[in-house]
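Report on the structure
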Amino acid sequence: MTSTNGPGAGETAPTFEKIWAILERVALRQEETAREMKETDRRLKKAEDLFTTQWGRLVESLVEGDLVPLLRQRDIDVTETAQRLNAVRNGEHCELDIVARNGAEIVVVEVKTTLRPRDVKRFLDKLGRLADWFPWSEGRPVYGALAYLRTDASVAKHAERQGLFVIRATGNSASVLNAPDFEPRVF
């Protein structure tokens, strides 16, 4: 005869139930951890976006503060500047970081913390479609300028070969890096 009080079949059921209960608690904790990680990711993304936005605005301010005298040295008599001009046409959005203009000429400045080759291409594409978003630019000479804090020399040279002004923002000012005889391309 087998005893129901000793080790054996009588202990199997409680052990299985204990293990199942532990597994259920672990599963609940994993779900909770996953939710917390999603929330943390969301908060980090929000903080990163805020930092990037504020950093970009700081660099824009550095560039805009020196832009008028820099362009006047290049015989573009700027009378006004504006930051972050936005337009939406046919469901597409376009933002211009800085626009400097006078009655006849327009200089569109794209500001990057780190200038990369893809930024040059995207900016050239934007300049090519500028009149689609900003009709007031049509029929006027439009010059492009890429301003940055950091880049490889080859990227800056590539931008210049594309006919763009190249502006390096430094600690408390900005400077145009193009050669004195540089002729900007009209877009």
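Bear in mind the structure is a predicted one, so any value in this text is a computation, not a measurement.

Looking at helix H4 (residues 153–161)
Among all positions of H4, only Val-155, Ala-156, Ala-159 and Glu-160 are buried. The buried residues of H4 occupy one face: seen down the axis, they fall within an arc of 140 degrees. Across from the buried face of H4, at angles greater than 90 degrees, the exposed residues are Ala-153, Ser-154 and Arg-161. Close packing links the buried residues of H4 with strand S3 (106–115), helix H2 (117–128), strand S4 (142–151) and strand S5 (165–170). Just past H4, the residue Gly-163 takes up positive phi, approximately 90 degrees.

Topic: H2
Along its 12 residues, H2 runs 17 Å from first to last C-alpha, staying within 8% of the 16 Å computed at 1.5 Å per residue. Burial in H2 covers these residues: Asp-119, Val-120, Phe-123, Leu-124, Lys-126 and Leu-127. The buried residues of H2 occupy one face: seen down the axis, they fall within an arc of 160 degrees. Set apart from the buried face of H2 by more than 90 degrees, the exposed residues are Pro-117, Lys-121, Arg-122 and Gly-128.

Thoughts on the side chain of Ser-137
With respect to the helices and strands, Ser-137 occurs in the loop between helix H3 (130–133) and S4. Overall, the relative accessible area of 4% leaves Ser-137 in the buried class. Ignoring any residue separated from it by four or fewer positions in sequence, one finds Ser-137 in contact with Ile-106, Leu-130, Ala-131 and Val-142.

Brief notes about a positive patch on the surface
On the surface, Arg-116, Arg-118, Arg-122 and Arg-150 cluster together into a patch of positive charge. Mapped onto the fold, Arg-116 is located in the loop between S3 and H2. With relative accessibility at 38%, the residue Arg-116 sits in the partly exposed group.

With respect to the pairing of S3
Across the 10 residues that make up S3, a large majority, 8, are buried. In this sheet, S3 lies alongside strand S2 (residues 92–101) in antiparallel orientation, the contact comprising 4 bridges. By the bridge assignment, Val-99 is partnered in S3 with Val-108. Sheet topology places S3 next to S4; 9 bridges connect them, and they run parallel. Bridge pairing in S4 links Val-109 to Ala-145.

The rules behind each value
Residues numbered from 1 in each chain as written. Predicted model: local features only at pLDDT ≥ 70, side-chain atom pairs only at ≥ 80, totals over all residues. Heavy atoms only, no water. Buried < 20%, exposed > 50% of the residue type's maximum accessible area, 1.4 Å probe, protein only. Helix = DSSP H or I, 4+ residues; strand = E, 2+ residues; numbered from the N terminus. Arc of directions from axis to C-beta. Contact = heavy atoms within 4.5 Å. Expected span 1.5 Å × (residues − 1). Patch = residues over 30% accessible without salt bridge, like charges linked within 9 Å, V, L, I, M, F, W, Y side chains within 5 Å. Areas by Shrake-Rupley, 256 points an atom, 1.4 Å probe, with all protein chains shown as cover. Salt bridge = Lys/Arg side-chain N within 4 Å of Asp/Glu carboxyl O. Lys, Arg positive; Asp, Glu negative; His and termini not counted. Charge placed at Lys NZ, Arg CZ, Asp CG, Glu CD. Pairing = 2+ DSSP bridges.

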